[in-house]
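Chain and residue survey
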Amino acid sequence: MTERWRVWGPAVVLAAVAVVQRARVDLQGLSAWKGGGMGMYSEFHWREREVWLHVPDDGRADEASFVGEAAMVSIEARAFECMLRASDDCLRDVAVEVQVDGVHGPFAVEVWSWDSSSAQGQLRLQRRRVRAAPIEGEPGE
Amino acid sequence: MSTGRATSTATRALGVALLAYAASSHAQLVAIRLLLGVAAVMLLVFPERRGGATLATVGLLVAMGLAFDLLPNHHFVLAAAYGGLALNLGEGAEAANARARMAALLLAAVMALALIQKLLSPSYLRGDYFAYLFATGGLGGPLETLGWVPQWSQAWADNAVKVAEFAAADSPASTVELIAPFAGTHVAARTLAVFVLFAEWWLACVFARAHRHRVAGWSLAVFVLGLMLLREEYVFASTLCALGAVAQSGCERAAPRRALMALGITSAALAVIA
């Protein structure tokens, strides 16, 4: 008689991978599309995420708003990683790259995902913040 | 068709899916693609032997070790499928039954996991994500290629401009209104989103409990056909068809299995050409 594990094993292993993937989605900001969890089409694609550097106008993070200075900074490989895995560590790595580039705190490195909403027959494309890592430091000149 | 011959044919279908994956995964290392291609040929030529399935499993696992988070979901399904095939190759009805049951449980797991992920997503449940895909050509591309919905093209072109403006915005607070390609886009999107949930639930149940019933085979064939018409997910479609064909080995009626094999070969060819 065929051992049961040979028949059930592949499905159980796939399910275990999916459980781990889901935990990583919730804890590490991994895109639901990746990691083997079968989350494709459940949300916007990871390539529709963006890394934003938010530098408040007056240098005080507690009054940060998006009405003032904000610039999308593409720090190549690090930002690309943060689109896929929006973890705090990844965002801090981007912040280090940004500071090396000459931008000093306080500022916030944030990952935003494209999102959509429908109201009164209108389809709106917008963004929602996935994760943010505020960086302390001396205001720049 | 005897059980043995049906299984060999279905195993070859897995080889076709792997060949399509190897040929179309341009982001993969060339060495990995070659390895998977060799494994696929072995499966096609010697479906009863363990070598092809083992080599495929090894190749897929190596690729996982190199770039786990960048791999598409069908990579994981293929790895589980070939691992299961390698574990259950053998002569006789018992081995054939084990292979079919393994494939059925794997299919059921894929559908159940996909269902759960969607149930955890508010934007999916509202239908907003599918509405966005309909508005931008993410859903319906093959229909437009077939010339069935020519009137959607203009909306997609107009929305592409709006999306480009949105992407280039200097603030994450910016928004843009997209044009609906047809009347009732959001209603259709929400209806489709709910229907997909039902379809995945149904397929999970039917393959877990009655994988050799013709209803299981036909249900999967309809699901895959719908997937192919809405979205160019040809490798995934080919993988589902191959698993379904293995799961249906030993089914009294050969028609559903043959339909799955035909769909699988078609989608594999499209994966390479498209």
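Above this text you will find the structure in question.
Below: a short report on this structure. The structure presented is a predicted model; accordingly, all values stated were derived computationally and were not measured. All residue numbers here refer to positions counted from 1 along the written sequence of the relevant chain. In the order they appear in the text, chains get letters beginning with A and ligands get numbers beginning with 1. Only residues with pLDDT of at least 70 get local features here, since the model is predicted, and only at 80 or more are side-chain atom pairs given and counted; chain-wide, interface and lining totals rely on the full set of residues. Heavy atoms from the whole structure form the basis of all side-chain values; hydrogens and water molecules are not counted.

Focus: the pairing of strand β4 (residues 122-135) of chain A
Put simply, the rule is: A pair of strands counts as paired when DSSP detects no fewer than two bridges linking them. Each helix is a run of H or I in the DSSP string that is no shorter than four residues. Each strand is a run of E no shorter than two, and both are numbered from the N terminus.
Alignment of strand β3 (residues 107-119) of chain A against β4(A), held across 13 bridges, turns out to be antiparallel. Opposite S117(A), over in β4(A), you have R124(A) as the bridge partner.

Section: the interface of chain B and chain A
This is how the line gets drawn: Any pair of residues with heavy atoms lying within 4.5 Å of one another is described as a contacting pair. When two components associate, each loses some accessible surface as probed by a 1.4 Å sphere; the sum of these losses over both components is called the buried area. Any carboxyl oxygen of Asp or Glu that lies within 4 Å of a side-chain nitrogen of Lys or Arg is treated as forming a salt bridge with it. Here the nonpolar group is Ala, Val, Leu, Ile, Met, Phe, Trp, Tyr, Cys and Pro; Asp, Glu, Lys and Arg are the charged ones; every other residue, Gly included, is treated as polar.
Facing 52 residues of chain B, the contacting portion of chain A comprises 51 residues. Summed over both partners, the interface of chain B with chain A comes to about 4600 Å²; 61% of that surface belongs to carbon and sulfur atoms. Summed over the three residues of chain B that lose the most area to chain A, namely D69(B), Q117(B) and P172(B), the buried surface amounts to 17% of that side. Our count for the chain B to chain A interface comes out at 3 salt bridges. Put simply, E177(B) and R124(A) hold a salt bridge, and the shortest N to O gap is 3.1 Å. Looking at the side of chain B that touches chain A, the elements with two or more residues in it are α4 (73-88), α5 (92-119), α6 (122-125), α7 (128-136), α9 (152-167) and β1 (176-178) of chain B. In terms of residues, the side of chain B that touches chain A owes the most to one element, α5(B), which gives 12 residues. Considered class by class, the residues forming the side of chain B that touches chain A number 32 nonpolar, 10 polar and 10 charged. As paired strands, β4(A) and β1(B) are joined by 3 bridges and run antiparallel to one another. Bridged to L123(A) within β1(B) is L178(B).

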